Amino acid sequence: MEKSSINRKMSKSGLIFGSMVLAAMVLLPLAVKNAYVMHLFIMAYIGILLGMTFSMLFSAGLITLGAGAFYAIGAYGSTLLSTRLGLSFWAALPMSTLITGIVALAIGSIIVRHPGMAFTIITLLFAHVVIQATGQMEFFGGWGGIIGVETPDPLGPIQFATKTSFYYLILFLLLLTALVFHALYTSRIGRVWRSIKLSPPLAESLGINLYRYRLMAFVVASSAAGMVGSFYAHYFQMVTPEAFGGWLSIYIQLYAVLGGLEFYILGPAIGAVIMTFVPEYLRIAKEVEPIITGVFLLLIILFFSGGILGTLRRFWRAKRPVVFRVKSRHKLIAGPNVLRDE
Amino acid sequence: MALLEIKNLRKYFSGLAAVDDVDFSVNDGEIVGLIGPNGAGKTTLFNLISGFNSPDRGKVFFDGEDITALRADQVARKGLGRTFQSSTLFMQSTVFSNVFSAFYRQYQQPIWKAFLHTPKVNKEEQAIKRAAIEIIEFMGLAAHLGDELATNLPHGQQRALGICIALATEPRLLLLDEPLTGMNSSETMELVGKIRQIREKGITILLVEHNMKAVMDLCDRITVLNYGRKIAEGTPEQIRKNREVAEAYLGREEA
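The residue count restarts for each chain, going from 1 along the sequence in the order it is written. Numbering of ligands from 1 and lettering of chains from A proceed in the order in which they are written. With the structure being a predicted model, the display of local features is reserved for residues of pLDDT at least 70 and the display and counting of side-chain atom pairs for 80 or more, all residues being used for whole-chain, interface and lining totals.

(A) Representation of the overall build of chain B. For chain B, the helix and strand inventory stands at 10 helices and 10 strands. When we talk radius of gyration, it's over C-alpha atoms, and the globule rule is simply 2.2 Å times the number of residues to the 0.38. On C-alpha atoms alone, chain B measures out to a radius of gyration of 19 Å, which is about the 18 Å that the 2.2 N^0.38 rule sets for 255 residues. Taking the principal axes of the C-alpha coordinates as reference, chain B spans close to 75 × 40 × 35 Å. Residues with at least 20 neighbouring C-beta atoms inside 10 Å of their own are called buried, those with 12 or fewer are called exposed, and the rest are partly exposed, where every C-beta is derived from the backbone. Residues counted as buried form 46% of the 255 residues belonging to chain B. By definition, residues are in contact whenever their C-beta atoms, placed on the basis of the backbone, come within 7 Å of each other. Contacts in chain B between residues far apart in sequence, at least 24 positions, make up 66% of those at least 6 positions apart. Runs of E in the DSSP output that reach at least two residues are strands. Runs of H or I that reach at least four are helices, and both are numbered from the N terminus.

(B) Expanded view of the domain arrangement of chain B. All names here are of chain B. Throughout, the edges of the domains are those of an automatic or database domain assignment. Per the domain assignment, the segments making up chain B are domain 1 (1–79 + 171–255) and domain 2 (94–169). Computed from C-alpha atoms alone, the centre-to-centre distance between domain 1 and domain 2 is 27 Å. Of the residues lining the interface, 12 residues belong to domain 1; the matching set on domain 2 comes to 10 residues. Only α2 (72–77), β7 (173–177) and α7 (185–200) provide two or more residues apiece to the side of domain 1 that touches domain 2. By residue number, the principal contributor to the side of domain 1 that touches domain 2 is α7, which donates 4 residues.

(C) Seen up close, the sheet that holds strand β3 (residues 31–35) of chain B. Residue and element names in this part refer to chain B. DSSP bridges decide pairing: two strands pair if at least two such bridges lie between them. An order of β6-β7-β8-β3-β9-β10 is seen for the 6 strands of this open sheet, with the pairing classed as mixed. Two strands close off the open sheet at either side, each with one partner strand: β6 (80–82) and β10 (229–234). Between one strand and the next, the sheet's axes are offset by a mean angle of 20°, whatever the strand orientation. On top of the sheet, helix α1 (residues 42–49) reaches β3, β6, β7, β8 (204–208) and β9 (221–226); it is set at about 150° to β7, its chief contact. Helix axes use the C-alpha atoms of the stretch in contact, all axes being lines fitted to C-alpha atoms, and the angles between their N-to-C directions lie in the range 0 to 180 degrees. Across the sheet, α7 touches β3, β7 and β8, and the angle it forms with β8 is around 145°.

See the structure below:
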């Protein structure tokens, strides 16, 4: 195999930094003894996962305001499987993920035909419909929700009683999802999504069935949101419509915007962590906190449109000139950024 | 043998005929020019052929097969490539990524294997990367194989990149929509030479172009449209002498 820089390799410093972050995530419960802080980390990881589903649709040129709907479908699906059918979490999680995927396929096959603003508004309305339906219908427990969802059955010696055990569970789901999403983004599927985002007519002229690939992104992203919903239900041991309504879908979007829209995994990661912890420690006056958060976000969006990571990358690139030359036919020595935008 | 055959094609936009009862054909291995004043319906005709618009009436046959009702992506998969009039590129991508992403038809490995990044998939991607570099070199853009984003290229090179992208689909018929617009004379000469070389690779070409000298130089046959209707057809020599064509371009002489 040819060893040209057209083949993007992760830089050594990036690899080291990545391993350190990963190690920190794994070792975190050893350092944090405060249960509430552990809870915040669990919520941050849920936020990262949901933000990643927003980003996956964004990577295919679709902007959703309905991520919360599929999060809710997964949560309610898992709750019903657990409370009505007595299924264990370990069966309810994959099943509710699948159910969410099937619902997404049904809904998506209609709404993905209308990309652009129409798609965004329909997803927003769909989220609203889901919340209203669960709130109004007795089957879903009404506005009071459903309580008494079982925690996951013990996994060998691991009991799911402490925050730490749930932390490792959501960490596992997070890493698994990140791995799957990364594999998609770096495959030709990810390239097709990006082509569709950058220029739908040009993508179509290449032979790409826009509808099919948009639908694929919609189903994969929504299923992941459903899986997170299942975790949520068994973590809180209850579901209520309010937990999935209101500003949730907007917040999910903000995670991705704040971290950097062009970074489909790291963007939501940074955004969700900041938006979970910063307001928490800004709670000088609880009434003022949403205003401060809102202004802060507005400033970020106005002055750092690439988000945190996009802004950092701009500085990094400006500092380092790119050298490239073509050596001979088929052999290419290129700068390290040659595929950076993929 | 006719590779592309258009029969009685008609398209109305809000009551106005953009393409009115046009028929013509392109034979295998030809370079055919489509000319006419602005608003003559050339781009509409391109969109009808390539499936971006559907005609109100008439048929489009590609290699003997009726492709009238097919979507743009289906038409593309049949082997009909096209460029766009405005610089439609993946603007925020590098030159290499533009061409690499344009390969789509060629992947043999199933999509779930692509997701798993199996060795065979990686090997296939390597081959496609080499093919992409080859096309970029062929179109004279090798100097931009580095970090250059498409949006930063000068206009003439964006046109060339557009052709790279279309070539990556390995078309049998290539539709070029005003490929020479915005090019200086040396760039024009170079691209005319490239278009000839593309034909020598066995790709049939249908092009819309305003640069008359280049069209006369390049084309085996020319079709002239005016107000959506075909007003003339023939060799460059015949078109040059055609009185109606001269009138369409220069206005009718008051007698």
